[in-house]
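Architecture at a glance
Below are the chains, spelled out letter by letter.
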Amino acid sequence: MNKDRQPELPSLARTVTGLPPSGIRRFFDIAAKMQDVISLGVGEPDFATPWSIREEAIYSLEHGQTTYTSNYGLLELRSAIAAHISQLYDVQYDPESEILVTVGVSEGLDLAMRSILNPGDEVVVPEPCYVSYKPCIILAGGVPVTVRTTADTNFCVTPEQIEAVRTPKLKAILIGYPSNPTGATITRESMQKIVDYAQRHNLFIISDEIYDRLVYEGEHVCVSALHGAQERTILLNGFSKAYAMTGWRIGYACAPPSVLAAMVKIHAYTMLCAPIMGQKAALEALRHGDASLSEMVQQYNQRRRVIVDGLNSIGLECHMPQGAFYAFPKIVSTGLDAETFAERLLFEQRVAVVPGTAFGAGGEAHIRCSYATSIRNIEMAIERIGAFVQSLDRSDRRLRSITGSQ
Ligand SMILES: Cc1ncc(COP(=O)(O)O)c(C=O)c1O
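The numbers attached to residues start from 1 for each chain and follow its sequence in the written order. Thresholds applied to this predicted model are a pLDDT of at least 70 for local features of residues and 80 or more for the giving and counting of side-chain atom pairs; totals over whole chains, interfaces and linings are not thresholded and use all residues. Side-chain measures were taken over the full set of non-hydrogen atoms in the model, leaving aside hydrogen atoms and water.

Let's talk about the domain arrangement of the protein chain
Frequently, the measure chosen for interface size is the accessible area removed from exposure when the parts meet. When the domains of the protein chain are assigned, the result is domain 1 (14–43 + 291–392) and domain 2 (52–287). For the purposes of this description, domain bounds are those given by an automatic or database domain assignment. Using C-alpha coordinates to define each centre, domain 1 is positioned 25 Å away from domain 2. Here, residues are in contact when the closest pair of their heavy atoms is within 4.5 Å. On the side of domain 2, 29 residues touch domain 1, which itself brings 30 residues to the contact. Buried surface at the junction of domain 1 and domain 2, summed over both partners, amounts to about 2600 Å²; 62% is from carbon and sulfur atoms. Salt bridges, as used here, are contacts in which a Lys or Arg side-chain nitrogen is within 4 Å of a carboxyl oxygen on Asp or Glu. Inspection of the region where domain 1 meets domain 2 yields 2 salt bridges. Glu217 serves as the salt-bridge partner of Arg304, at 2.7 Å between the closest nitrogen and oxygen. Within 3.5 Å is the distance limit for a polar contact, defined as a pair of N or O atoms, with the added protein rule that one can donate a hydrogen and the other accept it, and that residues adjacent in sequence qualify only through two side-chain atoms. The tally of links between domain 1 and domain 2 comes to 14 residue pairs in polar contact (both at pLDDT 80 or more). Among the secondary structure elements, those contributing two or more residues to the side of domain 1 that touches domain 2 are α1 (14–17) and α11 (290–313). By buried area we mean how much accessible surface two parts lose on assembly, using a 1.4 Å probe and totalling the loss over both. Per the convention used, a helix needs a DSSP run of H or I reaching at least four residues, while a strand needs a run of E reaching at least two, with both numbered from the N terminus.

Notes on helix α12 (residues 338–349)
The terminal C-alpha atoms of α12 lie 16 Å apart, and with 12 residues this matches the ideal 16 Å at 1.5 Å per residue to within 8%. A simple rule labels every residue: compare its accessible area, found with a 1.4 Å probe on the protein chains alone, to the largest value its type can have, and call it buried under 20%, exposed over 50%, or partly exposed in between. Looking only at α12, the buried set comprises Ala338, Phe341, Ala342, Leu345 and Leu346. Each buried residue of α12 lies within a common arc of 125° when the element is viewed along its axis, so the set occupies one face. Each helix should span, by expectation, one fewer than its residue count multiplied by 1.5 Å. Arc, as used here, means the arc of the directions from the helix axis to the C-beta atoms.

Some details on empty space enclosed by the protein
Put plainly, a pocket is an open set of points on a 1 Å grid over the protein atoms alone with protein on both sides within 12 Å along at least five of seven lines, a cavity is a set where a 1.4 Å probe fits but cannot get out, and a lining residue has an atom within 4 Å of a point. Grid points are joined across faces, edges and corners, and a volume is the space filled by probe spheres set on the points. This structure, assessed with the given rule, holds 3 cavities of 30 Å³ or more. As a volume, the largest cavity reaches approximately 120 Å³. Along its surface, the largest cavity is lined by 17 residues, and Pro126, Pro128, Cys129, Gly176 and Ser179 are the ones closest to its centre. Secondary-structure elements contributing two or more residues to the lining of the largest cavity are β3 (122–127) and β5 (170–175). Tallying contributions element by element places β3 first for the lining of the largest cavity, with 3 residues. A breakdown of the residues in the lining of the largest cavity according to their chemical character gives 11 nonpolar, 5 polar and 1 charged. Estimated volume of the second largest cavity: approximately 60 Å³. Surrounding the second largest cavity, His84, Ile210, Asp212, Arg213, Asn237, Gly238, Phe239, Ala242, Tyr243, Tyr252 and Leu286 form its lining. Residues that form the lining of the second largest cavity fall into these classes: 6 nonpolar, 3 polar and 2 charged. Gly falls in the polar group here, along with every residue not listed as nonpolar (Ala, Val, Leu, Ile, Met, Phe, Trp, Tyr, Cys, Pro) or charged (Asp, Glu, Lys, Arg).

What to know about the pairing of strand β8 (residues 251–254)
By the alternation rule, side chains of β8 split into Gly251 and Ala253 and Tyr252 and Cys254, which are all buried. Inspection of the sheet shows strand β7 (residues 233–238) paired to β8 by 4 bridges, in the antiparallel sense. From the neighbouring strand, Asn237 faces β8, where its bridge partner is Tyr252. For two strands to pair, DSSP has to find at least two bridges joining them.

Take a look at the structure:
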């Protein structure tokens, strides 16, 4: 299309034009045009989907299984999801009325927000958090109310923090542990306090547990398993991270029947159903994927130690993340803000990381480094980041010697 001769068009939706672009994409776009970049930027497994899962999808295609499914998703898959959650967390969901197969957790988030929010309803979101949380609330007509969390409290939110921002319009709390970007998990006791608070004030809880299988220390706390939680929780999960299935676009939502029915209504009109090939693959993942999952977890765990030790050794203070595949070191000691640090690191040493500011309040003192990449890449990246940090020290010393400051 000729850009000079674009006709004048009606205005676009204000909710969309008002949204800032993702702070992650900008760095990827720059990095993609550069040579020899080591990327710690991507939030997706570096493994291909395990072969038996791919083979199952190929088999189903070969046998002509190329149709729509029920709006809810294949009953066989929903039953397997119910059995899976029951086995892992001792929580019972009815596959007929309480489970919906979605197009990734991404769609689950959107459906959750659109089915519970009226214009102006508020949702508490602890930050730093996954980049889509606030836009999903805004696009559904809601208002995100952010609560800042920090490394000192392992990035966990407390009822007191929520109480400090509560208004009569507060409708829900949106949380995601293990967390992207911090890698933090939450303890059973801390989460139970949030559930009790939600119960006292009649709030929904939306719990994004996409990293539940990637926990290296302690246990994953499934929110629905806590006392009084299941009846007010929309539990979101999916196959992207645990089974290296980002491209298949399969997730699921578990919720009380009335909430799930509302979500299905939107899903049926907008998506119809999740792709059948992905659903077949997801079924195979639940049936036989755990051996591959354990191998991947073992590798992520090794990489986690290498990256955290490496970052601390070059002077970037980094807490040990208990889950997901992100390290979230502090960069305040360098005197740079997160955006400048990430940009200069990319141009000067060709390492792509994401500035913590992309994840909201509390992220400004950090960068996010994904360790879903090989140990070799992590080691080379640490060397380059170390050289970058040293070059800052040198220029800082030079500056002090010129200005005579301490
Ligand atoms: C916390 C979190 N939730 C949801 C998603 C999206 O997952 P899906 O691929 O299932 O849409 C991601 C992807 O990075 C994520 O990190």
